[in-house]
Amino acid sequence: MNRTIDFDKSPDGLIPAIIQDALTGKVLMLGYMNAEAYEKTQAEKIVTFFSRSKQRLWTKGETSNNFLHVKNTLIDCDGDTILINATPDGPTCHTGADTCFEESNSGKVLFINHLRAVIKDRKTNPSSKSYTSELFKLGVNKVAQKVGEEAVELVIEAKDDNKELFLGEAADLFYHYLVLLEQKNYEFDEVLDVLISRHK
């Protein structure tokens, strides 16, 4: 659904813009945009606010180089609040904190959703140049075999003390595990539901 922003709802033409890290889901800051700031943000894919103290457009990072790179923009149901998913170049707050709410901006679990979407696309829109598409073409037995092979390789690396090799094998296992879930038409959330039910 395409929603439009009603800047006229505010007497000064300013609409709150919430900035959320696209990978961690953490709320980084809140700023305000007028129509010009919003258009500039969408055109350049760098977050620009209207500074109420300076009374001018202000691009976040123009002095610190800690820019906020726009990944996605959402408008709320009333058309008077903006949510921007972005990736920060560094700390967002002028105090040097990760966020303006003094929270640590760590964890990149939302990347899993991006990776799942890519895997799903490789299944529904196969490409001869895609390793993932080739796996799907080989069938469930081959995909399951790859998961087993990667699991064994991870176990072998666990016995040594090479962090780089261990993490590489862990990434390989996790990727092939997600491919297997997609091959079986199961959602990652269904696995999480099992873990959540066990945690209760």
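Residues numbered from 1 in each chain as written. Predicted model: local features only at pLDDT ≥ 70, side-chain atom pairs only at ≥ 80, totals over all residues. Heavy atoms only, no water.

### Considerations on the packing of aromatic side chains
Each aromatic ring pair is described using two quantities: the centre-to-centre distance and the angle formed by the ring planes.
Here's step 1: Tallied over the entire structure, the rule returns five aromatic pairs.
Here's step 2: A network of ring pairs unites the aromatic residues Phe 174, Tyr 177 and Phe 188 as a single cluster. (Phe/Tyr/Trp six-rings, centres within 6.5 Å; stacked < 30°, edge-to-face > 60°.)

### Side note on the UniProt feature "domain: Phosphoribosyl-AMP cyclohydrolase" (unreviewed entry) in the protein
Here's step 1: With numbering matched to this structure, UniProt assigns "domain: Phosphoribosyl-AMP cyclohydrolase" (unreviewed entry) to residues 29-102.
Here's step 2: This span, residues 29-102, is 14% helix and 38% strand, and a straight line between its end C-alpha atoms measures 10 Å. (UniProt positions renumbered as here; feature names shortened; annotations may be inferred. Helix = DSSP H or I, 4+ residues; strand = E, 2+ residues; numbered from the N terminus.)

### Let's talk about the environment of Tyr 32
Here's step 1: Following the sequence through the fold, Tyr 32 ends up in strand β2 (residues 27-33).
Here's step 2: Counting along the chain gives 14 residues from Tyr 32 to Ile 18, while the straight-line C-alpha distance between them is 8.5 Å.
Here's step 3: Beyond its immediate chain neighbours, meaning those up to four positions away, Tyr 32 contacts Leu 14, Ile 15, Pro 16, Ala 17, Phe 49, Phe 50 and Arg 52. (Contact = heavy atoms within 4.5 Å.)

### Some thoughts on the layout of surface pockets
Here's step 1: Its boundaries defined by the atoms lining it, the largest pocket holds a volume of some 440 Å³.
Here's step 2: Lining the largest pocket we find 23 residues, and of these Met 29, Phe 49, Trp 58, Lys 60 and His 94 sit closest to its centre.
Here's step 3: Elements supplying a minimum of two residues to the lining of the largest pocket: β2, β3 (48-51) and β4 (56-59).
Here's step 4: At four residues, β2 tops the list of elements feeding residues into the lining of the largest pocket. (1 Å grid on protein atoms, 1.4 Å probe; cavity = no way out; pocket = protein on both sides within 12 Å on 5 of 7 lines; lining within 4 Å. Points joined across faces, edges and corners; volume = space filled by probe spheres on them.)

### Some points on the nonpolar core
Here's step 1: One finds Ile 19, Met 33, Val 47, Ile 82 and Ile 84 to be the most contacted residues of the largest nonpolar core, which totals 18 residues.
Here's step 2: When contributions to this core are tallied by element, the ones reaching two or more residues are β1 (15-21), β2, α1 (35-44), β5 (68-75) and β6 (82-88).
Here's step 3: Non-local contacts of Ile 19, meaning those with residues more than four positions away in its chain, are made with Lys 26, Val 27, Leu 28, Met 29, Val 47, Phe 49, Leu 68, Ile 84 and Ala 86.
Here's step 4: The next biggest cluster of nonpolar side chains, apart from the first, holds 14 residues, and it includes Val 143, Val 147, Leu 154 and Leu 173. (Core = buried A, V, L, I, M, F, W, Y, C linked by side-chain atoms within 4.5 Å. Buried < 20%, exposed > 50% of the residue type's maximum accessible area, 1.4 Å probe, protein only.)

### A look at the sheet that holds β6
Here's step 1: Read from one edge to the other, the open sheet built from four strands follows the order β2-β1-β6-β5, with strand pairing classed as mixed. With one partner strand each, in any of the chains shown, β2 and β5 form the two edges of the open sheet. Each strand of the sheet is rotated relative to its neighbour by a mean of 30°, with strand direction disregarded.
Here's step 2: One ladder, built from seven bridges, connects β5 with β6; its direction is antiparallel. Across the sheet, Leu 74 pairs through a bridge with Leu 83, a residue of β6. (Pairing = 2+ DSSP bridges. Axes fitted to C-alpha atoms, helices over the stretch in contact; angles between N-to-C directions.)

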